[in-house]
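Read off the chains here:
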Amino acid sequence: MGSYYAWKSFNEDEDRPEKPRRYGLTEMRSPFYSFLGHDALQETLETMGEFVDGLKFAGGSHSLMPKAFIKEITDLAHRHDVYVSTGDWAEHLLRKGPSSFKQYVEECKNLGFDTIELNASSLKLPEEALLRFVRLIKRSGLKVKPQFAVKFDRSEIPAIGDRAFGAYIAPGQQISEIVEDVDLLIRRAERCLEAGADMIMIDADDVCKYTDDLRTDIIAKIISRLGVEKTMFEAPNSKTSEWFIKRYGPKVNLFVDHSEVMNLECLRGRNSGQNHASVLGSSFFLV
């Protein structure tokens, strides 16, 4: 527990409680994304397991691994109280029909996954269909984390008169024009949360992928509407992590590379991280 570490304790007064946490989550990209092996993951969890809440098989990497090996990894994560999430892969199963998706959910459960991520942008589903998949996953006993991007095909954006909550929007013909609509993102995310989704993942593209081009207006609007505890943002580097922590505090949920876990924990803790050298210039926080 927290007393295991000479310089770190977990409590409400410091930054966030011990695991399992509802907020201040650090979800880690699996080391396999960078072709590291089982021993690298075990070493990471043994040395920093108290700082890691979740492990994600990013990019559907689990689809390329033997089932026995995946189960070995999920068991390892669970021994350190770390939940395991799928990455982008569900959309490929839908091409085979709804029954294949149900089988995928059951297989994920049997392999030890705790959370299934649904990339709404890749799925290209009508809103009501997306909500059905959220409920299906919840009925299976797993958690669900829809992922949304801030840009949509213009045909997905309903007319002004159709924006009432819960209104059915008939899918239109797909066109190539891509437009930004943060209000639509929030509206769909809110409906997913009401359907039982546990967390909303925000696609880093066009929002927080590049530190020098952070869309602070979009981030602020999403957090103000959905709440900091129900949203997760990708922090591709230490500069982005520092911006989120200093702007929104240690309770913000972040998805980071395994190499950034210790740096992020230093940023989260006031006591442990107060002397942690900033990687940002003072003018950065004027944005």
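Above this text you will find the structure in question.
Small disclaimer: the values here were computed from a predicted structure and weren't measured. (Residues numbered from 1 in each chain as written. Predicted model: local features only at pLDDT ≥ 70, side-chain atom pairs only at ≥ 80, totals over all residues. Heavy atoms only, no water.)

**Some remarks on the overall build of the chain**
Along the chain, the regular secondary structure elements total 11 helices and 10 strands. Relative to its 287 residues, the chain shows a buried fraction of 53%. Across the chain, every contact between residues at least 6 apart in sequence was considered, and the portion connecting residues at least 24 apart equals 74%. If you sum the accessible surface of the chain, you get close to 13,400 Å²; carbon and sulfur atoms cover 51% of it. (Helix = DSSP H or I, 4+ residues; strand = E, 2+ residues; numbered from the N terminus. Buried < 20%, exposed > 50% of the residue type's maximum accessible area, 1.4 Å probe, protein only. Contact = heavy atoms within 4.5 Å. Areas by Shrake-Rupley, 256 points an atom, 1.4 Å probe, with all protein chains shown as cover.)

**Remarks on the packing of helix α9 (residues 238-248) against helix α10 (residues 261-268)**
Between α9 and α10, the shortest axis-to-axis distance is 10 Å and the interhelical angle comes to 25°. On the basis of their axis angle, the class for α9 and α10 is roughly parallel. Relative to α10, the crossing made by α9 is right-handed. Facing Ser238, Ser241, Glu242 and Ile245 of α9, the residues of α10 in contact are Asn263, Leu264, Leu267 and Arg268. Grouping the constituent residues of the contact of α9 with α10 by class yields three nonpolar, three polar and two charged. (Axes fitted to C-alpha atoms, helices over the stretch in contact; angles between N-to-C directions. Parallel < 35°, antiparallel > 145°, perpendicular 65-115°, else oblique. Left-handed = near helix turned anticlockwise from the far one by under 90°. Nonpolar A, V, L, I, M, F, W, Y, C, P; charged D, E, K, R; others polar.)

**Topic: helix α6 (residues 127-139)**
The first and last C-alpha atoms of α6 sit 19 Å apart over 13 residues, in line with the 18 Å expected at 1.5 Å per residue. When α6 is considered as a whole, its buried residues turn out to be Glu127, Ala129, Leu130, Leu131, Phe133, Val134, Leu136 and Ile137. Looking at the residues trailing α6, positive phi occurs at Gly141, about 95°. (Expected span 1.5 Å × (residues − 1).)

**Comments concerning the pairing of strand β2 (residues 54-57)**
Here β2 shows two buried faces, one formed by Gly54 and Lys56 and the other by Leu55 and Phe57. Sheet topology places strand β1 (residues 26-29) next to β2; three bridges connect them, and they run parallel. Note on β2: the bridge partner recorded for Glu27 is Gly54. Where β2 and strand β3 (residues 83-86) come together, four bridges link them in parallel fashion. When the bridges of β3 are listed, Gly54 appears paired with Tyr83. (Pairing = 2+ DSSP bridges.)

**Remarks on the side chain of Ser85**
Here Ser85 shows up in strand β3. Leaving out residues up to four positions away in the same chain, Ser85 has contacts with Glu27, Leu55, Lys56, Phe57, Phe113, Thr115, Glu117 and Lys145.

**Observations concerning the nonpolar core**
The biggest cluster of nonpolar side chains holds 66 residues, and the ones touching the most others in it are Leu118, Ile219, Ile222, Phe233 and Leu254. Judged by nonpolar contacts, the second largest core, of five residues, contains Leu25, Met201, Met232 and Phe255. (Core = buried A, V, L, I, M, F, W, Y, C linked by side-chain atoms within 4.5 Å.)

**Focus on the packing of α6 against helix α7 (residues 182-194)**
For the pair α6 and α7, interaxial distance at closest approach is 10 Å and the crossing angle is 35°. Viewed along their axes, α6 and α7 form a crossing whose handedness is right-handed. Contacts from Glu127, Glu128, Leu130, Leu131 and Val134 in α6 reach Arg187, Arg188, Arg191 and Cys192 in α7. Looking at side-chain class alone, the contact of α6 with α7 contains four nonpolar, no polar and five charged residues.

**A closer look at the pattern of salt bridges**
Taken as a whole and assessed by the stated rule, the structure comprises 21 salt bridges. For Lys56, the salt bridge identified is with Glu117, shortest N-O distance 3.1 Å. Here the residue Lys56 occupies a position in strand β2, and Glu117 occupies one in strand β4 (residues 115-119), the gap between them amounting to 61 residues. Side by side, Lys56 and Glu117 carry an identical accessibility label, which is buried. Between Asp205 and Lys209 there is a salt bridge whose closest N-O contact spans 3.4 Å. Residue classification places Asp205 among the partly exposed residues on the basis of a relative accessible area of 34%. Look at Lys209 and you get partly exposed, because its relative accessible area is 37%. Salt bridges sharing partners connect three or more residues here, namely Glu127, Glu128, Arg187, Arg188 and Arg191. (Salt bridge = Lys/Arg side-chain N within 4 Å of Asp/Glu carboxyl O.)

**So, the packing of aromatic side chains**
Ring pairs (aromatic) are described by centroid distance and by the angle formed between their planes. All chains considered together, the criterion is met by six aromatic pairs. Here the aromatic rings of Phe57 and Phe113 are separated by 5.4 Å at their centres, their planes lie at 65°, and the arrangement is edge-to-face. Taken together, the residues Phe57 in strand β2 and Phe113 in the loop between α4 (98-111) and β4 connect sequence positions 56 residues apart. Residue class for Phe57 comes out buried when judged on its relative accessible area of 0%. When the centroid spacing of 4.4 Å and the interplanar angle of 65° are considered together, the rings of Phe101 and Phe133 count as edge-to-face. Separated by 32 residues along the polypeptide, Phe101 in helix α4 and Phe133 in helix α6 bring together distant segments of the chain. Each member of the pair, Phe101 together with Phe133, is buried. Three or more aromatic residues joined by ring pairs form one cluster here, namely Phe233, Trp243, Phe244 and Tyr248. (Phe/Tyr/Trp six-rings, centres within 6.5 Å; stacked < 30°, edge-to-face > 60°.)

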